[in-house]
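Residue-level structural notes
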Amino acid sequence: MKIDEQKLFDTAMAAMKNAYAPYSHYSVGATIVTTGGAIYSGVNIENASYGLTNCAERTAIFKAVSEGHRKIKAIIIVNGTSEMSKPCGACRQVMSEFMDADGQVFLANKDNDYKEFTFDQILPLAFSEKDMD
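Here's a quick rundown of the structure.

Focus: the overall build of the chain
A count of helical and extended segments in the chain gives 4 helices and 5 strands. Element order for the chain, N to C, with α for helix and β for strand: α-β-β-α-β-α-β-β-α. Here the C-alpha atoms of the chain give a radius of gyration of 14 Å, agreeing with the 14 Å that 2.2 N^0.38 yields for 133 residues. Along the first, second and third principal axes, the C-alpha atoms of the chain reach 40 × 35 × 30 Å. Out of the 133 residues belonging to the chain, those deemed buried represent 43%. For the chain, the share of sequence-separated contacts (at least 6 apart) that also reach a separation of at least 24 residues comes to 63%. Put simply, the chain shows about 7,200 Å² of open surface, and 52% of that area lies on carbon and sulfur atoms. Of note, the chain has its 13 positive side-chain charges centred 3 Å away from the centre of its 17 negative side-chain charges.

Here you go:
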């Protein structure tokens, strides 16, 4: 299955309009594609108690998982600035639960500039259940 980067970007940008970011004023949108071809988007949702904020990446992933999808083929992450989006450590760890090392990760900005990485490039030493043995 070929990934349509433009469709992912457009979907993430449209989703970003629903971000709830009254504290940081930093809106983020993310769109994922499951290995089965399903598409889910998410936004960052802030809270006055900052630790309760949820990132766009995790929102999209949790939506997919709640619908029964367990494998993500690709994700694009966009924000409303000219800087490339970068997932936080918590998002990278959640991504590691549902993405293979060769999963596609597109980090983008509002201008449709993006860079493509494999998942293992953005989190080379992911924690896994094998580490608990």
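Let's pick the thread back up.
What about the pairing of strand β2 (residues 39–43)?
By the criterion of burial, β2 is predominantly enclosed, with 4 of the 5 residues buried. As paired strands, strand β1 (residues 28–34) and β2 are joined by 5 bridges and run antiparallel to one another. The residue bridging V33 from the neighbouring strand is I39, located in β2. Linking two consecutive strands that pair antiparallel, namely β1 and β2, is a turn of 4 residues; a positive phi of about 95 degrees is found at G37 within it.

Points about the packing of aromatic side chains
Tallied over the entire structure, the rule returns 2 aromatic pairs. Centre to centre, the rings of Y23 and Y50 are 6.0 Å apart; their planes meet at 70 degrees, and the pair counts as edge-to-face. Pair noted here: Y23 is in the loop between α1 (5–16) and β1 and Y50 is in the loop between β2 and α2 (56–66), with a separation of 27 residues, a long-range link. Ring plane angle 80 degrees and centroid distance 5.7 Å describe the contact between F106 and Y114, whose orientation is recorded as edge-to-face.

Describing the pairing of β1
Regular strands place side chains that alternate from one sheet face to the opposite one. With respect to burial, β1 is a largely interior element, 7 of its 7 residues being buried. Alternating residues of β1 divide into V28, A30, I32 and T34 and G29, T31 and V33, and every residue in both groups is buried. When β1 meets strand β3 (residues 72–79), the two strands line up antiparallel, connected through 7 bridges. Looking across to β3, one finds that A30 is bridged to I77.

A few points about the sheet that holds strand β5 (residues 114–118)
With mixed pairing, 5 strands are arranged side by side in an open sheet as β2-β1-β3-β4-β5. Strand pairing shows two members of the sheet lacking a second neighbour, β2 and β5, which therefore form its edges. Adjacent strand axes in the sheet meet at a mean angle of 15 degrees when their direction is disregarded. Pairing of strand β4 (residues 99–108) with β5, which is carried by 5 bridges, proceeds in the antiparallel orientation. Bridge pairing in β5 links V105 to F117.

Rules used in this analysis
Residues numbered from 1 in each chain as written. Predicted model: local features only at pLDDT ≥ 70, side-chain atom pairs only at ≥ 80, totals over all residues. Heavy atoms only, no water. Helix = DSSP H or I, 4+ residues; strand = E, 2+ residues; numbered from the N terminus. Rg over C-alpha atoms; globule rule 2.2 N^0.38 Å. Buried < 20%, exposed > 50% of the residue type's maximum accessible area, 1.4 Å probe, protein only. Contact = heavy atoms within 4.5 Å. Areas by Shrake-Rupley, 256 points an atom, 1.4 Å probe, with all protein chains shown as cover. Lys, Arg positive; Asp, Glu negative; His and termini not counted. Charge placed at Lys NZ, Arg CZ, Asp CG, Glu CD. Pairing = 2+ DSSP bridges. Phe/Tyr/Trp six-rings, centres within 6.5 Å; stacked < 30°, edge-to-face > 60°. Axes fitted to C-alpha atoms, helices over the stretch in contact; angles between N-to-C directions.

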